[in-house]
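Structural overview for review
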Amino acid sequence: MNQENTKTLESPLSDFRNEPQTDFSLEVERSNFSNALKSVATHFPQDVSIIIDGREEMTSERIESLDPSDFRQIVASSAAATSDHVDKAVKAARKAYPEWRRTSPGERANIILRAAELMRERKHELSAIAVREAGKPWREADADVEEAIDFLEFYAREALRLGAPRRLQPWLLGEHNDLVYTPLGVVGVIGPWNFPVAIPTGMTTAALAAGNTVILKPAEQTPLVAWLVARIFHEAGLPDGVLNFLPGRGEVCGERLVRHPDVNMIVFTGSREVGLRIIRSAAETPEGQHFVKRVVTEMGGKNAIIVDSSADLDSAVPDILYSAFGFSGQKCSACSRLIVLEDLYKECLDRLREGAAALKIGRASEPSTQVGPVIDGEARDKILGYIELGRKEARTIHGGDVGGLASEGFFVAPHIFESNRGDHPLMREEIFGPVLTVIKAGNFSEALDIANDTPYALTGGVQSRTPSNLRRARQEFEVGNLYLNRTITGAIVGRQPFGGYRLSGIGSKAGGPDYLKQFMVSRVVSENMMRHGMASLVEGPPDNRED
Ligand code: NAD
């Protein structure tokens, strides 16, 4: 590491700080954000190009991303990468790999920290595009960019921590044993649309910080904001070919990326269906591929909150409403099952009904909006199908109405259903929209059984003032991230490393101390330091010596 690097990152983890939220209670911040929303819209529809080896190119086929709040507005007209583009991008990434691998962790970290700075400078611009391209309300979009900055800052420091060689047992019997982490090679990053800034940035940063070269494929719905992220990395000083950007269709360029024999690792966040398919495809080792592809897949959830008899409903109800309907329930961590103990059941439902009716549904660009649109027409129709099923087969506790918004954007009103069947599709399947299903439990043990009766294990929550039940939940509630007496979404990098198990994913938690190791292989070098009878001071191989 050079002098400059040591100055920037003296103590790897100790100086990590989470990016503060924008304080929208300040008039100046509201006005800056409004201006950013106006300013980004002047460029719509914006062309989004492929970036391979530092060069941008367009394709004749285009994919349009629409504003989910106003589907007449085309936000971006994106290139659609083909299999040939994937092959070219992999070649460029392979070519750039040896040099990037040799670059010291400190130098790599400095480029990543520069990207964090650039992102900070352009925070409102990125958030404004997330509002218009992904339909994220102000606070959600702001949090998305803050999380992206956190990933940059956190993984840069992690790379330094892991980059230093470790002497395992100094001088044990005259032997040096050194453990080093080295990168894997070329990493394909495949991202979802629901955290269009944070998730692609996080997966890409981890791969780069570890010394790999990357091909980033964003979701079809949100290419523009991902393109800006890729350009920020280049502006920060990433050499050509180290990060290649391929917007396009999952079943075309995503599929080729997964199967390409020169891609060492796929890191994916998205649906269970696609994630499991990727695991299967990547397991094949075609002739000439001399490694088993590593795969990390973060997938869906069917998350539950338990409301215990002792819960404080004054705080529980707002926590439930935000967890279920924040960003229209389109978070993998969102609450979609509510398990309420008998003695509080009626009161809890009454208050939920009132609370849900008071939620403000509107365009994502309106600062007062609490429930914005869903991502696209396909998602809206799928969610409406579940709502129809709920109306027929469950009891409707709350069924909102989007009124005239339905003719402008992809809006779905929050719905709450009551079911007495734990095996009903409303209780089993990930809906990915503003639909909450409530079920009654006789006691806390039964509530835990219902909560665990799902193939997923992502997030979960308990609202309780009974210490013994909170202790039990810690032991018995089977989720990757358990939240007690609070909302169950919005994990923060470094503080709440995030990720699930079972069918919610394979891999170590994002934003935590184990994540970066997945992008590396560990090697151990053991050297016998007892050079009996050797001329130990002479450098170079023996046949070069003149003695
Ligand atoms: P998706 O699976 O439809 O798409 C994700 C990505 O995969 C997109 O870039 C898509 O183009 C690509 N893809 C599609 N088919 C492919 C194929 N055959 N081969 C390779 N790539 C392909 O998911 P989505 O709708 O973008 O995101 C929503 C889902 O993501 C939800 O299920 C949600 O729970 C999950 N999610 C999970 C986490 C987590 O951390 N566990 C975080 C966010 C979202």
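What counts, and where the lines are drawn
Residues numbered from 1 in each chain as written. Predicted model: local features only at pLDDT ≥ 70, side-chain atom pairs only at ≥ 80, totals over all residues. Heavy atoms only, no water. Pairing = 2+ DSSP bridges. Helix = DSSP H or I, 4+ residues; strand = E, 2+ residues; numbered from the N terminus. Axes fitted to C-alpha atoms, helices over the stretch in contact; angles between N-to-C directions. Parallel < 35°, antiparallel > 145°, perpendicular 65-115°, else oblique. Contact = heavy atoms within 4.5 Å. Nonpolar A, V, L, I, M, F, W, Y, C, P; charged D, E, K, R; others polar. Domains from an automatic or database assignment. Buried area = accessible area lost by both parts, 1.4 Å probe. Salt bridge = Lys/Arg side-chain N within 4 Å of Asp/Glu carboxyl O. Buried < 20%, exposed > 50% of the residue type's maximum accessible area, 1.4 Å probe, protein only. Polar contact = N/O pair within 3.5 Å; in protein donor to acceptor, adjacent residues only side chain to side chain. Phe/Tyr/Trp six-rings, centres within 6.5 Å; stacked < 30°, edge-to-face > 60°. Left-handed = near helix turned anticlockwise from the far one by under 90°.

To continue, consider the sheet that holds strand E6 (residues 166–167). Pairing is antiparallel across the open sheet formed by 3 strands, whose spatial order is E6-E7-E23. For this open sheet the edge positions go to E6 and strand E23 (520–528), each flanked by a neighbour on one side alone. Note that E6 and strand E7 (residues 175–183) share 2 bridges and pair antiparallel. The partner of Arg167 across the bridge, within E7, is Asp178.

Further remarks concern the packing of helix H6 (residues 138–163) against helix H7 (residues 198–209). Axis separation between H6 and H7 bottoms out at 8 Å; the angle between their running directions is 10°. Considering their axes alone, H6 and H7 lie roughly parallel with respect to each other. Within the contact between the two elements, H6 uses Asp144, Glu147, Ala148, Phe151, Leu152, Tyr155 and Ala159 and H7 uses Ala198, Thr201, Gly202, Thr205, Ala206 and Ala209. Considering only residue class, the contact of H6 with H7 consists of 8 nonpolar, 3 polar and 2 charged.

Below, the discussion takes up unusual backbone geometry. Cis geometry marks the peptide bond from Phe44 to Pro45, where omega comes out at -10°. Along the polypeptide, Pro45 turns up in the loop between helix H2 (27–41) and strand E1 (46–48). The phi angle at Phe327 is positive, at roughly 45°, despite the residue not being glycine. Here Phe327 shows up in the loop between helix H11 (313–325) and strand E14 (335–341). Of note in the backbone geometry, Phe432 takes a positive phi value of approximately 60° without being a glycine. Within the secondary structure, Phe432 sits in the loop between helix H14 (425–428) and strand E17 (435–441).

This part covers the domain arrangement of the protein chain. Annotation of the protein chain at the domain level lists domain 1 (28–299 + 504–523) and domain 2 (303–484). The C-alpha centroid of domain 2 is placed 31 Å from the C-alpha centroid of domain 1. In this assembly, 23 residues from domain 1 lie in contact with 31 residues from domain 2. Across the domain 1/domain 2 interface, buried area totals approximately 2300 Å², and carbon plus sulfur atoms make up 61% of it. Among the residues domain 1 hides against domain 2, the three largest losses belong to Ser69, Phe71 and Ser504. Together they make up 24% of the total. Taken together, the links from domain 1 to domain 2 amount to 1 salt bridge.

For the rest of this paragraph, the subject is the environment of Glu446. Here Glu446 lies in helix H15 (residues 444–452). Judged by relative accessible area, which is 34%, Glu446 ranks as partly exposed. Apart from the residues within four sequence positions on either side, Glu446 is in contact with Lys440 and Ala441.

Okay, the side chain of Asn481 next. Looking at the secondary structure, you find Asn481 in strand E20 (residues 481–484). At a separation of 3.2 Å, a polar atom in the side chain of Asn481 contacts the main-chain amide nitrogen of Gly499. A polar contact is formed between the side chain of Asn481 and the side chain of Lys509, at a distance of 3.5 Å.

This part is about the pairing of strand E16 (residues 415–418). Across the two faces of E16 the burial is the same, with His415 and Phe417 and Ile416 and Glu418 all buried. Bridge count between strand E15 (residues 395–399) and E16: 4 bridges; the pairing is antiparallel. From the neighbouring strand, Thr396 faces E16, where its bridge partner is Phe417. Relative to E17, E16 runs parallel, the two sharing 4 bridges. From the neighbouring strand, Phe417 faces E17, where its bridge partner is Thr437.

Here we take up the packing of aromatic side chains. Under the criterion given, the structure shown has 11 aromatic pairs. Taking the centre distance of 4.6 Å and the plane angle of 40° together, the rings of Phe33 and Trp138 count as tilted. Linking Phe33 in helix H2 with Trp138 in helix H6, this pair joins segments that are 105 residues apart in sequence. For Phe33, a relative accessible area of 0% corresponds to the buried category. The structure contains a cluster of three or more aromatic residues connected by ring pairs, namely Phe16, Phe151, Phe154, Tyr155, Tyr515 and Phe519.

The next thing to look at is the environment of Glu107. Mapped onto the elements, Glu107 comes out in helix H4 (residues 105–121). On a C-alpha basis, the gap between Glu107 and Ala209 in space is 9.6 Å, while along the polypeptide they are 102 residues apart.

At their nearest, the axes of helix H3 (residues 83–102) and helix H9 (residues 250–259) sit 8 Å apart, and the two run at 40° to each other. Taken together, H3 and H9 sit at an angle that is classed as oblique. Read as a crossing pair, H3 and H9 show a hand that is right-handed. Contacts from Ser83, Val86, Asp87 and Val90 of H3 reach H9 at Val252, Cys253, Arg256 and Leu257. Taken together, the residues that form the contact of H3 with H9 break down as 5 nonpolar, 1 polar and 2 charged.

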